[in-house]
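Chain residues, written in single-letter form:
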Amino acid sequence: MKASVNRSTAATKKTPSGIAGFDELTGGGLPHRRSTVLSGGPGSGKTIFALQFLANGARKFKQPGIFVAFEEAPTRVVGNLQGFGWNLVQLQAQKKLFLLDAQAAPNLVQAGDFDLAGMLAVLGGQARAMGARRIVFDALDIVLSMLPDAAARRRELRRLHDWLLASGLTALLTAKIGGDGAQEMQPLGFMPFMVDCVVILNHRVVLGVSQRNLRVQKYRGSGFDENEAPFVIGKDGFDVAIPHASTRSSVPVGLERVSSGVARLDTMLDGGYYRAASVLITGLPGTAKTTLSGAFAEAACGRGESTVFVSFDSDGAEVIRNLTSVGIRLQRYVKSGCLKLISARTLSGSAETLLVRIKSIALEHRARCLVIDPISALFTAGNELTAHGVVDRLIDWSKSDGITLVCTSLIDETTNGKTERTQLQVSTLADTWIHLNYLVQAGERNRGLSIIKSRGTLHSNQVRELVLSASGVTLADIYTAGGEVLMGTLRWEKESAERVAQELTEVQSRLRRVRLDAEEAELEVRLKSLQTELAAKHVEKALLARTTASRQGRITKGRRQLRELRGGDLLRRERR
Amino acid sequence: MSAREVFKFRLYTADGTENSSLALANLSALCRLHLPGRHEIEVVDVFRDPSRALADRIRMTPTLIKLAPAPVCRIVGTLSQKERVLLALGLEPIAA
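## Examining a nonpolar patch on the surface
All names here are of chain B.
Here is step 1 of the chain: A grouping of L24, I41 and V43 is seen on the molecular surface, where their side chains present a nonpolar patch of about 200 Å² in accessible area.
Here is step 2 of the chain: Note that V43 resides in strand β2 (residues 39-45).
Here is step 3 of the chain: Take V43: its relative accessible area is 41%, and that puts it in the partly exposed class.

Set out below in structure tokens:
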């Protein structure tokens, strides 16, 4: 009991495994100078995990390690794992890694009870000599199964446990487990109860698709993610998929826009998609989802941005040919190396594996834009349970790496209910959701485009008709007449009818203007003649006034002269 | 098998463990009974000499190595299962 008190005080210290995702999951790695049991079925990746723990320790953390191989010859173990590029042979030469062959010799005769004291003594000497800090007991269950009875097994486990505690090494003990449930821990007896941390590797095959999971079952003195975390064994070893929460918050949010590749669509979105946004294009089969994403890829390459186009539907050459027919020419960008076209038909495996591969391709290519056509390919049989998490992580990852992601998604008419649900799950994560559908009318199928949502951007509420032609992709307004939406030929008819009507009114108004002009001119002429007449009247009037005045003057003058002639006395009187 | 052949044994023990002392006792008794006057026993304590144990690929204790006569054979355990030990050493059981 005293030991457990001591243990809990130091339990928070951790030894990083250096395994992508695992250290995040456990908040730092394995319990420092304590033991961890790693159990799993055959082929679940126990040995890979264990050796990666040692190789990382030796290479990244300056912690030499010892690998005790009970099941396989060390040379074979090293040979098998050579593909991972951990330089195991070199590490051994540098005395940073020691592999102890602890297999029972085939000619070994067992006569009576034995113990592990000899091996532990050997290991103790070796650990001191090389300054080892980490140790792995691979397939501990093998040696335990050789012990004659349960009491001996218990005794040896106790011996091992005490030795590990005394040695101060960070230990990893791997053991096979058969099925699941109660018998899970049988081979190691009570060991899982004694150690500080238990990790279970799970390898399931769901509808023919291999799914790998890792679960931390216990971790004394530390919080940990209790859920199963999917992992894949990639070319660098383990890659544990971690839930998003920790990475999402730290992503810088920008305002930069990138073109969707269709000018009208950019206008509808008030300038295009946001950089590092995730865009979902949903639609029925043949609604030009690929074309729309191809237009995006072309625009991205046109800006000189590295782009990865992952097609689950057709081969790369087919994609190029098909898109050329609508004026999207990608061949030149493939040649220049700007565009990487991946036919995912050649990739196989679970959704998780595909994600890891897509990620590594994108990293290799330093992609700034990524197209996945269609993302619904991840939701194939056997992947239903994991695909949602995969898409979740895909979106988080692309966002945190500043990659603009365009995914198409097929909505099947026939299995509406189920896929709709799937789409809904994806679409809640996507920033922009564009939906394409058909309108069947007057013997035609026409494509309609609408923006269901676009976070943080103004966007048009209008349904537009998506028109594909050899010269490219354009959007056209649709007509609504009497509550009916018109597209295709009907739209064209409506357009031309409207054009005729327009012309007619134009002619009519022109005619009217001419008529008014004439009337105006006529009035002006009349106005002028009247004005002339008026002037004449004025002159006539003035003339009349003048003749009247002169006649008056003459009369007065005449009268005065007459008076003067008649009497001069009057003049004198006037003087007085 | 010639009766004059000398059996050379090397017994790796972990001092202080019950199994090891039991093995040593069993081996001595066996030699007294079956190989009187023609055996050599070397006892190596793994705690005192781990590098030798490493070189001799000792994993479990106690481990008995019969160095001579050829072929070399290894027996792990307390040597309590006498028939097995005798069979492995190529000796005939003696009816006691």
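## Structural notes on the pairing of strand β10 (residues 209-219) of chain A
Residues and elements named next belong to chain A.
Here is step 1 of the chain: As judged from the 10 bridges shared by strand β9 (residues 197-206) and β10, these two strands associate in the antiparallel manner. Bridge pairing links V198 to K218 in β10.
Here is step 2 of the chain: For β10 and strand β11 (residues 229-234), the ladder comprises 2 bridges, and the chain directions are antiparallel. Among the inter-strand pairings, L214 is bridged to a residue of β11, identified as A229.

## Thoughts on the nonpolar core
Residues and elements named next belong to chain A.
Here is step 1 of the chain: Counting residues in hydrophobic clusters, the biggest one holds 48 residues, and the most contacted among them are V68, F70, M119, L123, I135, F137 and L140.
Here is step 2 of the chain: Of all elements in the fold, only β4 (65-69), α6 (117-130), β7 (134-138), α7 (140-146), α8 (150-167), β8 (170-176), α9 (191-194) and β9 reach the threshold of two or more residues within this core.
Here is step 3 of the chain: Ranked by residues supplied to this core, first place goes to α6 with 8 residues.
Here is step 4 of the chain: Dropping the residues within four chain positions of it, L123 is found in contact with I66, V68, L100, I135, F137 and W163.
Here is step 5 of the chain: Core analysis: the next-biggest nonpolar cluster, separate from the first, contains 37 residues, I19, L88, L172 and L201 among them.

## Considering the packing of α6 of chain A against α8 of chain A
Residue and element names in this part refer to chain A.
Here is step 1 of the chain: Packing of α6 against α8 brings their axes to within 11 Å, and their N-to-C directions diverge by 15°. Comparing their axes, α8 and α6 come out roughly parallel. Read as a crossing pair, α6 and α8 show a hand that is right-handed. From α6, A117, L120, L123 and G124 reach across to α8, where they touch R159, L160 and W163.
Here is step 2 of the chain: Residue classes in the contact of α6 with α8 are distributed as 5 nonpolar, 1 polar and 1 charged.

## A short note on the confidence of the model for chain A
Interpretation of this model should avoid reading the predicted coordinates in detail wherever pLDDT is low.
Residues and elements named next belong to chain A.
Here is step 1 of the chain: In the predicted model, chain A carries a mean pLDDT of 82, and the fraction of residues at 70 or more is 88%.
Here is step 2 of the chain: Ignoring residues within four places in sequence, the model shows residues 1-11, a span with pLDDT below 50, making 9 contacts including any to other chains.
Here is step 3 of the chain: A low-confidence stretch, residues 180-185 (pLDDT under 50), is modelled with 8 contacts involving residues beyond four sequence positions or located in other chains.

## Topic: unusual backbone geometry
Here is step 1 of the chain: In this structure, the amide linkage connecting D373 of chain A to the following residue, P374 of chain A, adopts the cis form with an omega of -10°.
Here is step 2 of the chain: Within the secondary structure, P374 of chain A sits in the loop between β18 (369-373) and α16 (384-400).
Here is step 3 of the chain: The omega torsion of the bond from T61 of chain B to P62 of chain B falls at -5°, within 30 degrees of zero and hence cis.
Here is step 4 of the chain: Mapped onto the elements of the fold, P62 of chain B is located in the loop between α2 (50-55) and β3 (63-68).
Here is step 5 of the chain: Of note in the backbone geometry, A139 of chain A takes a positive phi value of approximately 60° without being a glycine.
Here is step 6 of the chain: Assignment of secondary structure puts A139 of chain A in the loop between β7 and α7.

## Regarding the interface of chain B and chain A
Here is step 1 of the chain: Opposite the 26 residues of chain B that make contact, chain A presents 26 residues.
Here is step 2 of the chain: Roughly 2000 Å² is buried in total at the junction of chain B and chain A, and carbon and sulfur atoms are behind 59% of that figure.
Here is step 3 of the chain: Together, R59, M60 and V76 of chain B form the three largest contributors to the area buried by chain B at its contact with chain A, with a combined 31%.
Here is step 4 of the chain: The interface formed by chain B and chain A includes 1 salt bridge.
Here is step 5 of the chain: Note that D101 of chain A is salt-bridged to R57 of chain B, the shortest N-O span being 3.4 Å.
Here is step 6 of the chain: Across the chain B-chain A interface, the total number found is 15 residue pairs in polar contact (both at pLDDT 80 or more).
Here is step 7 of the chain: Mapped onto the side of chain B that touches chain A, the elements with two or more residues apiece are α2, β4 (73-76) and α3 (82-89) of chain B.
Here is step 8 of the chain: Looking at side-chain class alone, the side of chain B that touches chain A contains 15 nonpolar, 7 polar and 4 charged residues.

## Regarding the side chain of E305 of chain A
Residue and element names in this part refer to chain A.
Here is step 1 of the chain: Following the sequence through the fold, E305 ends up in the loop between α12 (289-302) and β16 (307-311).
Here is step 2 of the chain: A distance of 3.1 Å separates polar atoms of two side chains, one belonging to E305 and the other to R303.
Here is step 3 of the chain: Non-local contacts of E305, meaning those with residues more than four positions away in its chain, are made with R275, A300, C338, R368 and C369.

## Side note on the state of the cysteines
All names here are of chain A.
Here is step 1 of the chain: This structure, assessed with the given rule, holds 0 disulfides over all chains.
Here is step 2 of the chain: Here C369 stays unpaired: no disulfide links it, and the sulfur of C301, its closest cysteine neighbor, is 8.0 Å away.
Here is step 3 of the chain: Judged by relative accessible area, which is 0%, C369 ranks as buried.

## Description of the layout of surface pockets
All names here are of chain A.
Here is step 1 of the chain: What the largest pocket holds in volume is close to 950 Å³.
Here is step 2 of the chain: Residue lining of the largest pocket: 41 residues in total, with A20, D239, V356, K359 and L363 positioned closest to the centre.
Here is step 3 of the chain: With 10 residues, the top contributor of residues to the lining of the largest pocket is helix α15 (residues 351-365).
Here is step 4 of the chain: Tallied by class, residues from the lining of the largest pocket come to 16 nonpolar, 12 polar and 13 charged.

## Focus on the sheet that holds β18 of chain A
Whether parallel or antiparallel, the strands of a sheet pair through hydrogen bonds between backbone atoms.
All names here are of chain A.
Here is step 1 of the chain: Taken in spatial order, the 9 strands make up an open sheet running β17-β16-β18-β19-β15-β20-β21-β22-β23, and their pairing is mixed. Edge positions in the sheet fall to β17 (339-343) and β23 (472-477), since each of these pairs with one other strand and no more. Across this sheet, the average inter-strand angle for adjacent strands is 20°, counted without regard to direction.
Here is step 2 of the chain: Taken together, the 2 bridges between strand β21 (residues 444-454) and strand β22 (residues 464-469) define a ladder with antiparallel strand orientation. Note that in β22 the partner of G448 across the bridge is E465.
Here is step 3 of the chain: Relative to the sheet, helix α13 (residues 316-324) contacts β16 and β17, its axis offset from that of β17 by approximately 120°.
Here is step 4 of the chain: Contacts from α15 reach β16, β17 and β18, with the element oriented near 155° to β16.

The rules behind the values
Residues numbered from 1 in each chain as written. Chains lettered and ligands numbered in written order. Predicted model: local features only at pLDDT ≥ 70, side-chain atom pairs only at ≥ 80, totals over all residues. Heavy atoms only, no water. Patch = residues over 30% accessible without salt bridge, like charges linked within 9 Å, V, L, I, M, F, W, Y side chains within 5 Å. Areas by Shrake-Rupley, 256 points an atom, 1.4 Å probe, with all protein chains shown as cover. Salt bridge = Lys/Arg side-chain N within 4 Å of Asp/Glu carboxyl O. Helix = DSSP H or I, 4+ residues; strand = E, 2+ residues; numbered from the N terminus. Buried < 20%, exposed > 50% of the residue type's maximum accessible area, 1.4 Å probe, protein only. Pairing = 2+ DSSP bridges. Core = buried A, V, L, I, M, F, W, Y, C linked by side-chain atoms within 4.5 Å. Contact = heavy atoms within 4.5 Å. Axes fitted to C-alpha atoms, helices over the stretch in contact; angles between N-to-C directions. Parallel < 35°, antiparallel > 145°, perpendicular 65-115°, else oblique. Left-handed = near helix turned anticlockwise from the far one by under 90°. Nonpolar A, V, L, I, M, F, W, Y, C, P; charged D, E, K, R; others polar. pLDDT = per-residue confidence, 0-100. Buried area = accessible area lost by both parts, 1.4 Å probe. Polar contact = N/O pair within 3.5 Å; in protein donor to acceptor, adjacent residues only side chain to side chain. Disulfide = S-S within 2.5 Å. 1 Å grid on protein atoms, 1.4 Å probe; cavity = no way out; pocket = protein on both sides within 12 Å on 5 of 7 lines; lining within 4 Å. Points joined across faces, edges and corners; volume = space filled by probe spheres on them.

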